[in-house]
Number of protein chains: 2
Amino acid sequence: MALRHAVLAALLDEELSGYQVTKAFAAGVANFWHALPQQVYAELAKLEKEGMVAGREVVQEGRPNKRLFRVTGEGLAELEGFASTAAKPAFLREDLLVQVQAADHLDTGVLIGRLTERYAFAEAKAALFEEQLLRMRGDLDEAEFLLRGARVGPYLTCRRGRDFERANRDWCRDVMEVLRARQTAGGEV
Amino acid sequence: MALRHAVLAALLDEELSGYQVTKAFAAGVANFWHALPQQVYAELAKLEKEGMVAGREVVQEGRPNKRLFRVTGEGLAELEGFASTAAKPAFLREDLLVQVQAADHLDTGVLIGRLTERYAFAEAKAALFEEQLLRMRGDLDEAEFLLRGARVGPYLTCRRGRDFERANRDWCRDVMEVLRARQTAGGEV
DNA sequence: ACTGACTAGTCACTTTCTTGACTATGAGGA
DNA sequence: TCCTCATAGTCAAGAAAGTGACTAGTCAGT
């Protein structure tokens, strides 16, 4: 039941529409969680019913009206409660890891294909996070921003996202190297 | 539907009982996936019905009998199919990230508590993975093992698990440093 | 004699996540 | 004019994952 808390956390700093929250989750502001539009809207509806968020209709011209949500006092209390109970650590859960686990029994060429894809994805994602970090800290250098910046929470989670994807990228590179070296060595013998 | 493939991958190198697979998943051989006993047994039953794994009863003395499973040709084909379709990249999905995202609105002391817990957990997990790696490569040095060792798949995924937990540990440390520095700086102003 | 831990496994239930489709409106380009 | 994309959101159904409780025997320690 952490999706609700992720939604609350996303709404803390700004008033957003469901659509905007969705975007945030899709893009990678969801460096800290991931969810589809349907889940986001459903969760927002539940949160509103429970009084954790308050929505207000905004009439727009030239595009559909929207509802902006903000976190209420109760919502903040809920988040505080969540933060004060132990967080369960996440596990790595990647299809690619399962595939590499079976590497010795599968075709190396196919696997290298998967690794190449994941490498490119990780690289792109890391670059995206890096951009976000730059935007967030503006013209301050990182140390200064972390000490005196207004909101460091999103910055810190974004940094974790960046480093995670960098680690994925490096791991893909290393695994490909090993697989290629073994192919060559296998030929030698 | 990757649990089934994770189970298949776990059974590739050795014939295991459901209980042993469970252990593997619980401990951290599940560096690449995580599942509870109930899920493992249910998946094994399904896989057997579909002919992906074959079980055989082993009568034991002094302890309950068990059923050992091995992957069949069909099971291997299923894994090959899985490896040849694109792997969907995983996202970070940690309670603690959600909590840190909201850091600017929550009590720093409470958060540092969570971070300390996660730090210790990550440290312990990383050490465990490191031990496993040592066991797997025996007296060979890493480069030699990766080039000539019999089975490198599990080694490579375990290395990813270790590095993941190290990254978690380092991130926790950095976040705590930032939060503490800001508390002090806040007091100054 | 009792307690707790380990082996080996199962049932029932709930929550969460994912898939796929569908409603509208307006803007910009071929 | 038609097509596609972006905004803004909803419904229904199903697969996957997680929770809690429970059986039953063995072994080591207190």
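Look above for the structure.
Overview of the structure. None of the values given here were measured: they were computed from a predicted structure.

1. So, the interface of chain B and chain A
- Tallying the contact residues gives 70 residues for chain B and 70 residues for chain A.
- For the pair chain B and chain A, the two sides together bury roughly 6,800 Å², of which 64% comes from carbon and sulfur.
- Seen at the junction of chain B and chain A, the total is two salt bridges.
- The residue Asp 174 of chain B makes a salt bridge to Arg 159 of chain A at a minimum N-O spacing of 3.9 Å.
- Between the two partners, chain B and chain A, sit 30 residue pairs in polar contact (both at pLDDT 80 or more).
- Top contributing element to the side of chain B that touches chain A by residue count: helix 8 (residues 153–188) of chain B, with 18 residues.
- Partitioning the side of chain B that touches chain A into residue classes produces 39 nonpolar, 13 polar and 18 charged.

2. Examining the protein's contact with DNA strand C
- Looking at DNA strand C, there are 20 residues lining it, with Met 1, Gln 38 and Gly 62 of chain A together with Gln 38 and Gln 60 of chain B nearest.
- Per the 4 Å cut-off to the protein, sugar and phosphate atoms form 63% of the nearby atoms of DNA strand C.
- Take Gln 60 of chain B: an N or O atom from its side chain is 2.6 Å from a phosphate oxygen of DNA strand C.
- Within the side chain of Lys 88 of chain B, a nitrogen or oxygen atom sits 3.2 Å from a phosphate oxygen of DNA strand C.
- Contributions of two or more residues to the surface near DNA strand C are made by helix 3 (37–49) of chain A together with helix 2 (18–27), helix 3 (37–49) and strand 3 (66–71) of chain B.

3. Thoughts on the packing of helix 1 (residues 3–11) of chain B against helix 3 of chain B
All names here are of chain B.
- Two elements in contact, helix 1 and helix 3, have axes whose closest approach is 10 Å; the angle formed by their N-to-C orientations is 85 degrees. As summarised for this structure, helix 1 and helix 3 are arranged roughly perpendicular, according to the angle between their axes. Residue-level inspection shows Leu 3, Arg 4, Val 7, Leu 8 and Leu 11 of helix 1 in contact with helix 3, the latter providing Gln 39, Glu 43, Leu 44 and Leu 47.

4. Side note on the pattern of salt bridges
- Under the counting rule described, the total for this entry stands at 40 salt bridges over all chains.
- Arg 4 of chain A is the partner of Glu 43 of chain A in a salt bridge, and the nearest nitrogen-oxygen pair spans 3.4 Å. Here Glu 43 of chain A is found in helix 3, whereas its partner Arg 4 of chain A is found in helix 1 (residues 3–11), with 39 residues between them in sequence.
- Classification of Arg 4 of chain A as buried rests on a relative accessible area of 4%.
- A salt bridge links Arg 137 of chain B to Glu 142 of chain B; its shortest N-O distance comes to 4.0 Å.
- We classify Arg 137 of chain B as buried; its relative accessible area is 17%.
- The class of Glu 142 of chain B is partly exposed, set by a relative accessible area of 24%.

5. Some thoughts on the relation of the copies chain B and chain A
- Rotating chain B by 180 degrees and moving it 0.0 Å along the rotation axis overlays it on chain A with an RMSD of 0.1 Å. Considering both components of the superposition, the chain copies are consistent with a two-fold axis.
- Comparing interface residues between copies, 100% of those in chain B also sit at the interface in chain A, which points to an isologous, same-surface contact.

6. Examining the pairing of strand 3 of chain B
Residues and elements named next belong to chain B.
- The pairing of strand 1 (residues 16–17) with strand 3 spans two bridges and is classified as antiparallel. Its bridge partner being in strand 3, Ser 17 is matched across the sheet by Leu 68.
- Where strand 2 (residues 53–58) and strand 3 come together, six bridges link them in antiparallel fashion. Bridge pairing links Ala 54 to Arg 70 in strand 3.

7. Some remarks on the environment of Leu 96 of chain A
- Here Leu 96 of chain A lies in helix 5 (residues 95–101).
- Taking relative accessible area as the criterion, Leu 96 of chain A reaches 2% and is therefore assigned buried.
- For the pair Leu 96 of chain A and Leu 115 of chain A, spaced 19 residues apart in sequence, the C-alpha to C-alpha distance is 7.7 Å.
- For Leu 96 of chain A, the residues in contact, after removing those within four places along its chain, are Arg 114, Leu 115, Arg 118, Trp 171 and Cys 172 of chain A together with Ala 87 of chain B.

8. Examining helix 4 (residues 73–84) of chain A
All names here are of chain A.
- With 12 residues, helix 4 extends 17 Å between its outermost C-alpha atoms, agreeing within 8% with the 16 Å of an ideal straight helix rising 1.5 Å per residue.
- Every buried residue of helix 4 is listed here: Gly 75, Leu 79, Phe 82 and Ala 83. All buried residues of helix 4 project into a common sector of 95 degrees when viewed along the axis, lining one side. Away from its buried face by more than 90 degrees, helix 4 exposes Gly 73 and Glu 74.

9. A closer look at the packing of helix 1 of chain A against helix 4 of chain A
All names here are of chain A.
- Axis separation between helix 1 and helix 4 bottoms out at 10 Å; the angle between their running directions is 125 degrees. With respect to each other, helix 1 and helix 4 are oriented oblique. In the packing of helix 1 onto helix 4, the handedness of the crossing is left-handed. Contacts between helix 1 and helix 4 pair Arg 4, His 5, Leu 8 and Ala 9 from the former with Gly 75, Glu 78, Leu 79 and Phe 82 from the latter.
- The class makeup of the residues in the contact of helix 1 with helix 4 is four nonpolar, two polar and two charged.

Rules behind the numbers
- Sequence order sets the numbering: in each chain, residues are counted from 1 along the sequence as written.
- Think of it this way: whatever chain is written first is A, whatever ligand is written first is 1, and the rest follow in order.
- Note on the predicted model: pLDDT of at least 70 is required for a residue's local features to be given, and 80 or more for side-chain atom pairs to be given and counted; whole-chain, interface and lining totals, by contrast, use all residues.
- As a rule here, side-chain values come from all non-hydrogen atoms in the structure, and water together with hydrogens is ignored.
- Residue contacts are defined here by distance: any two heavy atoms, one from each residue, within 4.5 Å place the two residues in contact.
- By buried area we mean the combined loss of accessible area, with a 1.4 Å probe, across both parts when two parts are placed together.
- Any carboxyl oxygen of Asp or Glu within 4 Å of a side-chain nitrogen of Lys or Arg constitutes a salt bridge here.
- Counting of polar contacts relies on pairs of N or O atoms within 3.5 Å, with two restrictions inside protein: one atom must be capable of donating a hydrogen and the other of accepting it, and residues adjacent in sequence are counted only when both atoms are side-chain atoms.
- Under the scheme used here, helices are H or I runs from DSSP no shorter than 4 residues and strands are E runs no shorter than 2 residues, and both carry numbers assigned from the N terminus.
- Residues are sorted three ways: Asp, Glu, Lys and Arg are charged, Ala, Val, Leu, Ile, Met, Phe, Trp, Tyr, Cys and Pro are nonpolar, and all the rest, Gly among them, are polar.
- Throughout this document, a residue counts as near a molecule or strand when at least one of its heavy atoms sits within 4 Å of that molecule or strand.
- Only C-alpha atoms enter the line fits that serve as axes; for helices the fit covers just the stretch in contact. Angles between N-to-C directions range over 0 to 180 degrees.
- Note that the term roughly parallel is reserved for angles under 35 degrees, roughly antiparallel for angles over 145, roughly perpendicular for angles of 65 to 115, and oblique for everything else.
- The classification of residues rests on relative accessible area computed with a 1.4 Å probe and restricted to protein chains. Under 20% of the type maximum is buried, over 50% is exposed, and intermediate values are partly exposed.
- The copies were overlaid with a least-squares fit restricted to C-alpha atoms from residues scoring a pLDDT of at least 70 in each copy.
- For two strands to be treated as a pair, DSSP must find at least two bridges joining them.
- Helix span, as expected, comes to 1.5 Å for every residue beyond the first.
- Summarising the geometry, the arc corresponds to the directions from the helix axis toward the C-beta atoms.
- Crossing chirality is assigned from the near helix's rotation relative to the far helix, an anticlockwise turn below a right angle marking it left-handed and a clockwise turn marking it right-handed.

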